[in-house]
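Take a look at the letters that make up each chain.
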Amino acid sequence: MSKAVIIHNYGGADELTIVDMDVSKPSFGEVKVQHKYCGLNYIDIYQRTGLYNVELPTVLGMEASGTVVAVGGGVSHLKPGDRVAYASQPPGAYCEERVMPAAQVCVLPEKISFQEGAAMMLKGLTVEYLIHRTTPIKKGDTVLFHAAAGGVGLIACQWARSEGINLIGTAGNDQKCALAVKYGAVHCINYNTHDFVEEVTKITNKQKVDVVMDSVGAATFDGSMDCLKPLGMLICFGNASGPVENFNVGVLGQKGSLKVTRPTLFTHIDDHKKCQSMAAHLFKKIESGEVKIRIDQEYSLAKISYAHKQLEQRKTTGSTILKVT
Ligand code: NDP
């Protein structure tokens, strides 16, 4: 039996319930993992509230670390006893033990702890594809990155700095802004007290930015377009303030032949080889010290409802992990 956090209905954080579940044996292409920690991500909130559809009832969670306890047929990159971490769908990571597809499970280098593994796979692989696989970004380019002091944000600040990319962050208070700058943002704008479009215009001497990475959604979408140079790229990769609705593509032309894309990590890591190579790139960034994983919140799995509330009330910085065993 494995303890797992399940939702029966979409709703608030109090829908999250701990139950005991049977765990089967791995079939072909699957692996059984005993978790040490699982990671909390904003996507877990979208799934819990029903903004993103999941099959109900379901165990939530898209990211974890632990030890392989059994492998099914056809799995050659893992063996029992391996230390591993992963980001993968479908959800199911908020539990002690699970059977899951092996393709996205990665062997964790010795230098990287189980805590870091659970805090960085979904967030770090996201930064990898945002910076290297979405639109050409070169040394010296300027990127605006919203919510720069969050889990994905602090990784993005450091990764950008390591590539010579000027990342201008935004964040919801001055302490968060100071943190983003400490982690590599060249500037960080408190978008609750300042108009971020005006600030970006000032900081860039009216040049504006090449790329905007916007995971805030409804509240920032229009302003994000106004921060772009002609032919700039808006990468909409999340909706923490709500989804962008009724978008008129004609606006892209009026604002200077802009481009917009709406990527998800899971398209990028669907292929086993590509996922493993993105993970190797992420591990290299961590092992070289260029990117450090900052874990500001650690709770027991029993505190999952509280952890969700903290994240959605914007009370967190960096990554949040849940200790499982
Ligand atoms: P964060 O730790 O960044 O938390 C979300 C942050 O969003 C908050 O801390 C807050 O920062 C900011 N925010 C702005 N407006 C709101 C609002 N109305 N309600 C709540 N938060 C708000 O989360 P993650 O690191 O887990 O994820 C960051 C974003 O990236 C999420 O939107 C997530 O969905 C997206 N994502 C997308 C992926 C993809 O492939 N498409 C993959 C991974 C993540 P502040 O107070 O500074 O404004």
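Details of the structure are given in the entry above.
Residues numbered from 1 in each chain as written. Predicted model: local features only at pLDDT ≥ 70, side-chain atom pairs only at ≥ 80, totals over all residues. Heavy atoms only, no water.

On to the site of the ligand, then. Surrounding the ligand, one finds 28 residues, the nearest of these being Y129, K176, Y191, L265 and R314. Here G172 contributes a backbone N or O atom positioned 2.8 Å from an oxygen atom of the ligand. Measuring from an oxygen atom of the ligand, one finds a backbone N or O atom of L265 at 2.7 Å. Looking at the shell around the ligand, the elements with two or more residues in it are α1 (42–49), α2 (114–132), α3 (151–162) and α10 (304–312). Considering every element that reaches the shell around the ligand, the biggest residue donor is α2, with three residues. In the shell around the ligand, the residues fall into 14 nonpolar, ten polar and four charged. (Near = heavy atom within 4 Å. Polar contact = N/O pair within 3.5 Å; in protein donor to acceptor, adjacent residues only side chain to side chain. Helix = DSSP H or I, 4+ residues; strand = E, 2+ residues; numbered from the N terminus. Nonpolar A, V, L, I, M, F, W, Y, C, P; charged D, E, K, R; others polar.)

This brings us to the layout of surface pockets. Here the largest pocket is characterised by a volume of approximately 990 Å³. Along the wall of the largest pocket there are 43 residues; nearest its centre are Y42, Y46, A147, S215 and A240. Broken down by secondary-structure element, the contributors of at least two residues to the lining of the largest pocket are α1, α2, α3, α8 (265–269), α10 and β16 (319–323). Residue contributions to the lining of the largest pocket peak at four residues, all from α2. Here the lining of the largest pocket is composed, by residue class, of 21 nonpolar, 17 polar and five charged. Surrounding the second largest pocket, 15 residues form its lining, M21, V59, G92, R98 and V99 being those nearest its centre. Of all the secondary-structure elements, those providing two or more residues to the lining of the second largest pocket are β1 (2–7), β4 (58–59) and β7 (97–101). Among the elements that make up the lining of the second largest pocket, the one with the highest residue count is β7 (three residues). Looking at the lining of the second largest pocket, its residues break down into eight nonpolar, four polar and three charged. (1 Å grid on protein atoms, 1.4 Å probe; cavity = no way out; pocket = protein on both sides within 12 Å on 5 of 7 lines; lining within 4 Å. Points joined across faces, edges and corners; volume = space filled by probe spheres on them.)

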